[in-house]
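Here are the chains, one letter per residue:
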Amino acid sequence: MRLLKLSCLAILLIAITSCNKTNEKMMELIPENSTFVASFSPSKILDHTGITVDDNGKLQLPGALKELMEFNQKDLDEGIATLQSAEIDPSANVYVYSSITDVNDASAVMLAISKDPEKTKAAIEKEIKESFKTVGDFDIIAKSDMCIAIKDDIIGIFGGNKIENAEEFAKEVFTKKEKSVLDNDNIKNTLNADADVNY
């Protein structure tokens, strides 16, 4: 539940930190045979939920949404400050996918883009008080129920049963797929539709 709340907050907050080629770069990492795939447009979600940013850069949630998310203003302000320092790219979509072949081996993956991977790593290290480890061509932190991996400007976040083999799974996440969702026009068109959330 904690990972879900953090992921929901991240999706909502990414848009306040301020392309198709960038989106395609992430989509080519998502297997065509994924069980579930969704893309989120953070800016559209903010527009349609009534979330605003005040003159001081503080996120303002409508009352009902604030209660649903169970975050107070201090939590939101701290989350905003962390995400702003993490240099998450608000112009790119956020993708979530899962390839569940075995319910005991299930894990969802969230992909986002960093405008400055070094600042992103520094902000994450400061927040969770652990250091990234370089493994081949990516950096990774695996902590109890969540893993964050960064390769070039792509951020991959996953949890669940994949934590035990986090490095191996991260390598798989960052490998361009022979058949990705870009190879399936139905999926590609759905993920690129003009909606807040596409799935």
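From a predicted model like this one, the values you see are computed outputs, not experimental measurements.

Novice: Help me out: how do you make sense of the environment of Asp 89 in this one?
Specialist: By secondary structure assignment, the location of Asp 89 is in the loop between helix H5 (73-85) and strand E4 (94-98). Among the residues examined, Asp 89 registers a relative accessible area of 14% and is labelled buried. A C-alpha to C-alpha distance of 5.3 Å links Asp 89 and Ser 114, two positions 25 residues apart in sequence.

Novice: Whenever I open this one, the pairing of strand E1 (residues 36-40) confuses me. Can you help?
Specialist: Taken residue by residue, a regular strand's side chains alternate between the two faces of the sheet. Of all five residues in E1, four are buried; the element is thus mostly enclosed. Relative to E4, E1 runs antiparallel, the two sharing five bridges. Looking at E4, one finds that Ser 39 is bridged to Tyr 95.

Novice: Got a minute to help me understand the pairing of strand E7 (residues 138-143) in this structure?
Specialist: Note that strand E6 (residues 133-135) and E7 share three bridges and pair antiparallel. Residue Thr 134 lies in a different strand from E7, and its bridge partner there is Asp 139. The hairpin turn running from E6 into E7, its antiparallel successor, is two residues long, and Gly 136 in that turn takes a positive phi close to 60 degrees. Across five bridges, the pairing between E7 and strand E8 (residues 146-151) is antiparallel. Bridging from a neighbouring strand, Ile 141 pairs with Ile 148 of E8.

Novice: Help me out: how do you make sense of helix H6 (residues 117-128) in this one?
Specialist: Note that an α-helix has 3.6 residues per turn; residues three or four places apart therefore point the same way. The first and last C-alpha atoms of H6 sit 16 Å apart over twelve residues, in line with the 16 Å expected at 1.5 Å per residue. Here H6 has its buried residues at Thr 120, Lys 121, Ala 123, Ile 124 and Ile 128. The buried residues of H6 occupy an angular sector of 165 degrees when the element is viewed end-on, so they sit on one face. Turned more than 90 degrees off the buried face of H6, the exposed positions are Glu 118 and Lys 126. Positioned one or two residues after H6, Lys 129 has a phi angle of 60 degrees, which is positive.

The rules behind these values
Residues numbered from 1 in each chain as written. Predicted model: local features only at pLDDT ≥ 70, side-chain atom pairs only at ≥ 80, totals over all residues. Heavy atoms only, no water. Helix = DSSP H or I, 4+ residues; strand = E, 2+ residues; numbered from the N terminus. Buried < 20%, exposed > 50% of the residue type's maximum accessible area, 1.4 Å probe, protein only. Pairing = 2+ DSSP bridges. Expected span 1.5 Å × (residues − 1). Arc of directions from axis to C-beta.

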